[in-house]
Amino acid sequence: MMKFKDLELSDNIINILQSQGIINPTPIQEQSIMLIKEGNDVIAEAQTGTGKTLAFLLPMFENMSPDVSTIQGLILTPTRELAIQITQEAKKLKEAKDLKILAAYGGQDITAQLKKLKGNIHLVIATPGRLLDHLRRNTIDLDGLNTLVLDEADQMLHLGFKNEVEAIIKQMPKKRQTLCFSATMNSQVKKLAYKYMNDPKIVVVEKKEITLKNIKQTLIETTDRRKQDDLCRVLDEDNPFMAIIFCRTKRRVDKLEEDLYQKGYNCQKLHSDLTQSKREKVMKAFKRTDVQYLIATDVASRGLDISGVSHIYNYDIPENAESYIHRIGRTGRAGEKGYAYIFVAPKDRASLEAIEKEIKLKIPRKILSSSNESSEETEPNTQSPKRKYSKRVNTNPKKFFKANKGKDKKGR
Ligand code: AMP
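Just so we're clear, the structure is a prediction, and the values are computed from it rather than from any experiment.

Trainee: Can you lay out the overall build of the protein for me, pointing to particular residues and giving the numbers?
Mentor: In terms of helices and strands, the protein carries 17 helices and 15 strands. With 412 residues in all, the protein has 44% of them scored as buried.

Trainee: I'd love a proper account of the site of the ligand, names of residues and values included.
Mentor: In the vicinity of the ligand there are 13 residues, among which Ile22, Thr48, Gly51, Thr53 and Asp305 approach most closely. When residues of the shell around the ligand are assigned to their parent elements, the largest contribution, three residues, is made by helix H3 (residues 52-63). Of the residues assigned to the shell around the ligand, the class counts are three nonpolar, eight polar and two charged.

Trainee: An account of the pairing of strand S4 (residues 123-126) is requested, with residue identities and associated values reported.
Mentor: The alternating pattern of S4 places Leu123 and Ile125 on one face and Val124 and Ala126 on the opposite face, and all of these are buried. Across four bridges, strand S2 (residues 73-76) lies against S4 in parallel orientation. Bridge pairing in S4 places Leu76 opposite Ala126. Sheet topology places strand S3 (residues 101-104) next to S4; four bridges connect them, and they run parallel. In the strand pairing of S4, Ile101 is matched with Leu123.

Trainee: Provide a residue-level description of helix H14 (residues 321-328), including the pertinent values.
Mentor: One turn of the α-helix equals 3.6 residues, which is why residues spaced by three or four share an orientation. Where burial is concerned, most of H14 is hidden: six out of the eight residues are buried. The complete set of buried residues in H14 reads Glu322, Tyr324, Ile325, His326, Arg327 and Ile328.

Trainee: Outline the nonpolar core, supporting the account with residue identities and numerical values.
Mentor: If you look at the biggest cluster of nonpolar residues, it comprises 107 residues, and the most contacted ones within it are Ile245 and Ile295. Both domain 1 (4-204) and domain 2 (211-400) contribute no fewer than three residues apiece to this core. Apart from the residues lying within four places of it in its own chain, the contact partners of Ile295 are Ile245, Cys247, Val253, Leu256, Glu257, Leu260, Cys267 and Lys269.

Trainee: Could you give an account of unusual backbone geometry, with specific residues and numbers?
Mentor: Unusually for a residue other than glycine, Glu152 sits at a positive phi of about 50°. Relative to the helices and strands, Glu152 resides in the loop between strand S5 (147-151) and helix H7 (153-156). Take Glu152: there are 24 C-beta atoms within 10 Å of it, and that puts it in the buried class. In the Ramachandran plot, Thr289 falls in the positive-phi region, its phi being about 65° despite a non-glycine side chain. Within the secondary structure, Thr289 sits in the loop between helix H13 (276-287) and strand S11 (293-296).

Trainee: Account for the pairing of strand S12 (residues 311-314), with residues named and values stated.
Mentor: If a strand is regular, its side chains alternate between the two faces of the sheet. The side-chain alternation of S12 yields two buried faces, one formed by His311 and Tyr313 and the other by Ile312 and Asn314. As paired strands, strand S9 (residues 243-246) and S12 are joined by four bridges and run parallel to one another. By the bridge assignment, Ile244 is partnered in S12 with Ile312. When S12 meets strand S13 (residues 338-344), the two strands line up parallel, connected through four bridges. The residue bridging His311 from the neighbouring strand is Tyr339, located in S13.

Trainee: Before we move on, can you summarise helix H11 (residues 227-238) with the specific residues and values?
Mentor: Taking 1.5 Å as the rise per residue, H11 with twelve residues should run 16 Å; its terminal C-alpha atoms sit 16 Å apart, in good agreement. Buried within H11 are the following residues: Leu231, Val234 and Leu235. Taken around the axis of H11, the buried residues stretch over an arc of 100°, which confines them to a single face. Buried residues belonging to H11 abut strand S8 (215-221), S12 and S13.

Trainee: Go over the sheet that holds S3 with me, naming the residues and quoting the values.
Mentor: Note on sheets: strands pair through backbone hydrogen bonds, and any given pair is parallel or antiparallel. What the seven strands build is an open sheet, ordered S3-S4-S2-S5-S6-S1-S7; its pairing is parallel. With one partner strand each, in any of the chains shown, S3 and strand S7 (201-204) form the two edges of the open sheet. On average, adjacent strands in this sheet sit at an angle of 15° to one another, irrespective of strand direction. Its contacts with the sheet put helix H2 (residues 27-37) on strand S1 (42-45), strand S6 (177-182) and S7, and the angle it makes with S1 is roughly 170°.

Trainee: Explain the confidence of the model for the protein to me, and be specific about the residues and the numbers.
Mentor: Averaged over all residues, the pLDDT of the protein equals 84, while 86% of them reach at least 70. The secondary structure element of the protein with the lowest average pLDDT is helix H16 (residues 385-389), at 33, and the one with the highest is S2, at 98. Confidence drops under a pLDDT of 50 for residues 371-412, and excluding neighbours within four residues, the segment shows 43 contacts in the predicted structure.

Trainee: Account for the packing of H2 against H3, with residues named and values stated.
Mentor: It is at 9 Å that the axes of H2 and H3 come closest, and there the two elements cross at 30°. Accordingly, the angle class assigned to the pair H2 and H3 is roughly parallel. Seen from above, H2 lies across H3 with right-handed handedness. Packed against H2, whose contacting residues are Ile28, Gln29, Ser32, Ile33, Ile36 and Lys37, the element H3 presents Lys52, Leu54, Ala55, Phe56, Leu58, Pro59, Glu62 and Asn63 at the interface. Across the contact of H2 with H3, the residue classes break down as eight nonpolar, three polar and three charged.

Rules behind the numbers
Residues numbered from 1 in each chain as written. Predicted model: local features only at pLDDT ≥ 70, side-chain atom pairs only at ≥ 80, totals over all residues. Helix = DSSP H or I, 4+ residues; strand = E, 2+ residues; numbered from the N terminus. Buried ≥ 20, exposed ≤ 12 C-beta atoms within 10 Å, placed from the backbone. Near = placed C-beta within 6 Å. Nonpolar A, V, L, I, M, F, W, Y, C, P; charged D, E, K, R; others polar. Pairing = 2+ DSSP bridges. Core = buried A, V, L, I, M, F, W, Y, C linked by C-beta atoms within 7 Å. Domains from an automatic or database assignment. Contact = placed C-beta atoms within 7 Å. Expected span 1.5 Å × (residues − 1). Arc of directions from axis to C-beta. Axes fitted to C-alpha atoms, helices over the stretch in contact; angles between N-to-C directions. pLDDT = per-residue confidence, 0-100. Parallel < 35°, antiparallel > 145°, perpendicular 65-115°, else oblique. Left-handed = near helix turned anticlockwise from the far one by under 90°.

Dropping the structure here:
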């Protein structure tokens, strides 16, 4: 087995990793660290949970110098949550090398960021919109940039972010290192990535099908009218430890959260219309396992590494197979078993066919019987998670409202 030492990382960094219980490199780290350290452009296809963040952070840390007073590294991510997660990992490495790190994402106090920018910054971790803000105000200067990372690169180079990313790339030196990391990269996106890259080396650690192997997938045929009741029946049966319920739009998240909360489920919502402080509060509460159900748009589908998420519910069918893989990839992490449900109404048939074709799997159907019990075509659920976690289900809304009275207008 390869060691971090074999990847020519410095002792300081190896010691910090060791103190975090990170002893041996993962396959994506084995394959990318040297390539990146040597200055190559790299396209890496790897799921979150494979150690991909350190696969680029470690060689970047090695290559950056605290004595050079320019921004040497920039990591762009599609969501604020992912920017925060990467910043937390990067800050853990500071003890090994005192690089100044700035997290720049929307919803944060820009004055505080500007103040911080007066000092030397070596590494910026940002979402595209906020970074463009800084570039327009001339508060960030990318002239000295050595390495650009596009995390969740397929999304960064896709419709929504493409123009912003292009505008940012225009403001950095042509001679630089570019790294694209993503769980999924189709050929079209790869072609786009090549436009900004110089003879990139390709690193692939796992195929899509393999990444799903820990996740038991189940399909529930339903109708729009029956969907919420069907969801509740499945939730009551599973009583998951921690679950994410994905909806198609922010409004649908709002509505479902309102309804489930009224029914007594311990849930919170996450989407981009919430204030930044609320988003962070919700994520913290979910990570602490204070919240059992996170009801979210696809803002939560990318890259987040939350240990303990046991179940994913695709309340609304995802846009495509890529999105499905990202959503269900929030469970089944670190070799643990995960469960993923997809609710399909008749109008979703065509989308479902496209997803099943792409993932090369006919998702096993589960038929919910007309009584409150459900039967399954495949293996029955022999565990009884309900008992195990039942204390976390708010089964008596009235009592719950009373107990939480005065916290805020919704009792939280
Ligand atoms: P990522 O794929 O970057 O989302 O990483 C997922 C988790 O794996 C993070 O919590 C990392 O701290 C952890 N991790 C990264 N590299 C290793 C490693 N070599 N050994 C053990 N854990 C790791």
